[in-house]
Amino acid sequence: MQAALVNQAAAVQGPRSSAVQATASARPAVEHAAARRQRRRPVAAAAEGGSGGLSYKDAGVDIDAGNELVKRIQKLNPNIGGFSGMVPFGDSFLVAGTDGVGTKLKLAFDMNKHDTVGIDLVAMSVNDIVTSGAQPMFFLDYFACGKLDVDTAEQVIKGIVDGCRQSDCVLLGGETAEMPGFYSPGEYDLAGFAVGSVKKDKVIDGSRIQAGDVILGMKSSGVHSNGFSLVRKVLEVSGHSLHDTAPWSGEPFGLSLLTPTVVYVRDCMKMIGAADVRGLVHITGGGFPENIPRVVPRGLAARIRRSAWEVPALFQWVQEAGKVPDSEMFRTFNMGIGMIAVVPRSEVDAVLGLGIGAFEVGEIVEGSGVELV
């Protein structure tokens, strides 16, 4: 047994087991409620685009297979599909979410840089559960490899500790699975599990959103942890390597792309404490058109003004180098906005005055879906 590495903000420790041969274990239903890599909900097919440009499907992500799995899982459990799952607990709900880092790990392997993907791992789950208004309480991780490299694993877990510190939660423990022959040498996989809580009368679910409400955006730090299969495909067809200089940053592509996902927990909790936040949206897989409608009531649409912010140069390069259609960019990437909040017009100044970098990007109107204007 290994002692758990614990967030400095808390003095809680938990067991961390190391298994030479891992066996399948029972997975709680709440895991399905928040899975993101294939979001466990119907998703629109990736646009092929008429320009001969690249799409997510070209990069190897089979949307049709993902949709088929969604349909089958929904037959088993029709209650899945939110950013996170909730369980009543006294006068509160326990809110849980799980996720991984995806093919961003490939960059970590190639660049031999492992101290930031742990932040990504935490961010992907805690950013999900905070959309319900929940403060993350604790986090557990799963680290799997073919042969354990202690130095690499330590760097990964240091990142996890950092992510927990940024979200004011505890790294309670985790699992280290060493499975010879299962992973290529030098490679590993990560999964994470976050649990938080919110009072029952404080849950944010989008049900109070009305026409005329304002949509506020919070900047991303880059690609975050979704869409890297397409990014890597664009690098391939453009003839660049991860060690070439990225035009938007002046550092190698690999290092720039490894910039960790923003942890939005503290800023979101500040908003919730200062204003009437009616909806929160984590912009991850599915981008704008698939994530925003998940909190907007039927009969209403999100009108997003593209002129409200400048799309970061990173995404501009990906689009130009890969000839990726606009529709594909907005359904694959966050395009510079990683979290969205919906508030009444009367609350906008209160949020903007918090100094968290939020800015107005649109409004709620009658209609359906997302309108990019």
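Trainee: Report on the overall build of the chain, specifying residues and quantitative values.
Mentor: The secondary structure content of the chain amounts to twelve helices and 13 strands. Across the 373 residues in the chain, those meeting the buried criterion constitute 52%. Within the chain, contacts between residues separated by at least 24 positions form 84% of all contacts whose residues are at least 6 apart in sequence. Here the chain has roughly 16,100 Å² of accessible surface; of this, 52% comes from carbon and sulfur atoms.

Trainee: Mind laying out the packing of aromatic side chains, listing which residues take part and the relevant values?
Mentor: By the definition in use, this model includes nine aromatic pairs. Between Phe182 and Tyr183 the ring centres are 5.2 Å apart and the planes differ by 65°, which places this aromatic pair in the edge-to-face class. On the accessibility criterion, Phe182 (60% relative accessible area) is exposed. Considering the side-chain rings of Trp248 and Trp317, the 5.8 Å spacing of their centres and the 55° angle between planes classify their relative orientation as tilted. Residue Trp248 is located in the loop between α6 (228-238) and α7 (253-257), and its partner Trp317 is located in helix α10 (residues 313-322); the two are separated by 69 residues in the primary sequence. Grouping aromatic residues by their ring pairs yields a cluster made of Phe109, Phe143 and Tyr188. Residue placement shows Lys200 over the ring face of Phe93; its charged tip is 5.7 Å from the ring centre.

Trainee: Could you give an account of the pattern of salt bridges, with specific residues and numbers?
Mentor: Tallying each qualifying case throughout the model produces 15 salt bridges. Of the charged contacts, one joins Asp276 and Arg278 as a salt bridge, the two residues approaching to 3.3 Å between their closest N and O atoms. On the accessibility criterion, Asp276 (23% relative accessible area) is partly exposed. The exposure class of Arg278 is buried, given its relative accessible area of 13%. Ionic pairing is found between Glu360 and Arg345, a salt bridge with its closest N-O pair at 3.3 Å. Of this pair, Glu360 sits in strand β12 (residues 359-366) while Arg345 sits in the loop between β11 (337-343) and α12 (348-352), placing them 15 residues apart in sequence. The class of Glu360 is partly exposed, set by a relative accessible area of 24%. What you see here is one network of salt bridges that share partners, running through Arg208, Asp213, Asp276 and Arg278.

Trainee: Any details on the pairing of strand β4 (residues 92-100)? Residues and values, ideally.
Mentor: Judged by how many residues are buried, β4 sits mostly within the fold: eight of nine residues are covered. In this structure, strand β3 (residues 85-89) lies alongside β4, joined through five bridges in antiparallel fashion. By the bridge assignment, Met86 is partnered in β4 with Val95. Counted along the chain from β3 to the antiparallel partner β4, the turn is two residues long, and its residue Gly90 has a positive phi close to 65°. Strand direction decides the pairing type here: β4 and strand β7 (residues 188-199), joined by nine bridges, are antiparallel. Residue pairing for β7: Val95 is matched across the bridge by Gly196.

Trainee: I'd like a rundown of the pairing of strand β6 (residues 170-178), residues and numbers included.
Mentor: Buried residues dominate β6, accounting for seven of its nine residues. Once the chain exits strand β5 (residues 135-145) it traverses helix α5 (residues 150-166) before rejoining the sheet at β6, and the crossover so formed is right-handed.

Trainee: Could you give an account of the sheet that holds strand β9 (residues 279-282), with specific residues and numbers?
Mentor: With mixed pairing, six strands are arranged side by side in an open sheet as β9-β11-β8-β12-β10-β13. Whereas interior strands pair on both sides, the edge strands pair on one side only; in this sheet they are β9 and β13 (370-372). Recorded for the sheet is a direction-independent mean angle of 25° between the axes of neighbouring strands. Where strand β10 (residues 300-304) and β12 come together, five bridges link them in antiparallel fashion. The residue of β12 that forms the bridge with Arg303 is Glu363. Strands in contact with helix α8 (residues 265-274) are β8 (214-219), β9 and β11; relative to β9, the strand with the most contacts, it is inclined by about 170°.

Trainee: Describe the packing of α6 against α10, with residues and values.
Mentor: Between α6 and α10, whose axes approach to 9 Å, the crossing angle comes to 55°. In terms of orientation, α6 lies oblique with respect to α10. Note that α6 runs across α10; the crossing there is left-handed. Between α6, through Val234, Leu235, Val237 and Ser238, and α10, the contact on the second element is made entirely by Trp317, Val318, Ala321 and Gly322. Partitioned by chemical class, the residues of the contact of α6 with α10 number six nonpolar, two polar and no charged.

Trainee: Tell me about the nonpolar core, and name the residues and values.
Mentor: One finds Tyr188 and Phe288 to be the most contacted residues of the largest nonpolar core, which totals 90 residues. Per element, the largest residue contribution to this core is seven residues, and it comes from helix α4 (residues 117-129).

Trainee: Could you give me a rundown of the confidence of the model for the chain, with the residues and numbers involved?
Mentor: Taken residue by residue, the chain gives an average pLDDT of 85. The fraction at 70 or more is 80%. Under a pLDDT of 50 for its full length, residues 1-51 has, in the predicted model, 146 contacts with residues more than four places off or in other chains.

Trainee: Account for α4, with residues named and values stated.
Mentor: Each turn of an α-helix holds 3.6 residues, which means side chains three or four residues apart point in the same direction. Between its first and last C-alpha, α4 extends 19 Å over 13 residues, near the 18 Å set by a 1.5 Å rise per residue. Burial runs high along α4: 13 of the 13 residues are buried.

Criteria and cut-off values
- Residues numbered from 1 in each chain as written.
- Predicted model: local features only at pLDDT ≥ 70, side-chain atom pairs only at ≥ 80, totals over all residues.
- Heavy atoms only, no water.
- Helix = DSSP H or I, 4+ residues; strand = E, 2+ residues; numbered from the N terminus.
- Buried < 20%, exposed > 50% of the residue type's maximum accessible area, 1.4 Å probe, protein only.
- Contact = heavy atoms within 4.5 Å.
- Areas by Shrake-Rupley, 256 points an atom, 1.4 Å probe, with all protein chains shown as cover.
- Phe/Tyr/Trp six-rings, centres within 6.5 Å; stacked < 30°, edge-to-face > 60°.
- Lys NZ or Arg CZ within 6 Å of the ring centre and 35° of its normal.
- Salt bridge = Lys/Arg side-chain N within 4 Å of Asp/Glu carboxyl O.
- Pairing = 2+ DSSP bridges.
- Right-handed = clockwise from strand over helix to strand, strands pointing away.
- Axes fitted to C-alpha atoms, helices over the stretch in contact; angles between N-to-C directions.
- Parallel < 35°, antiparallel > 145°, perpendicular 65-115°, else oblique.
- Left-handed = near helix turned anticlockwise from the far one by under 90°.
- Nonpolar A, V, L, I, M, F, W, Y, C, P; charged D, E, K, R; others polar.
- Core = buried A, V, L, I, M, F, W, Y, C linked by side-chain atoms within 4.5 Å.
- pLDDT = per-residue confidence, 0-100.
- Expected span 1.5 Å × (residues − 1).

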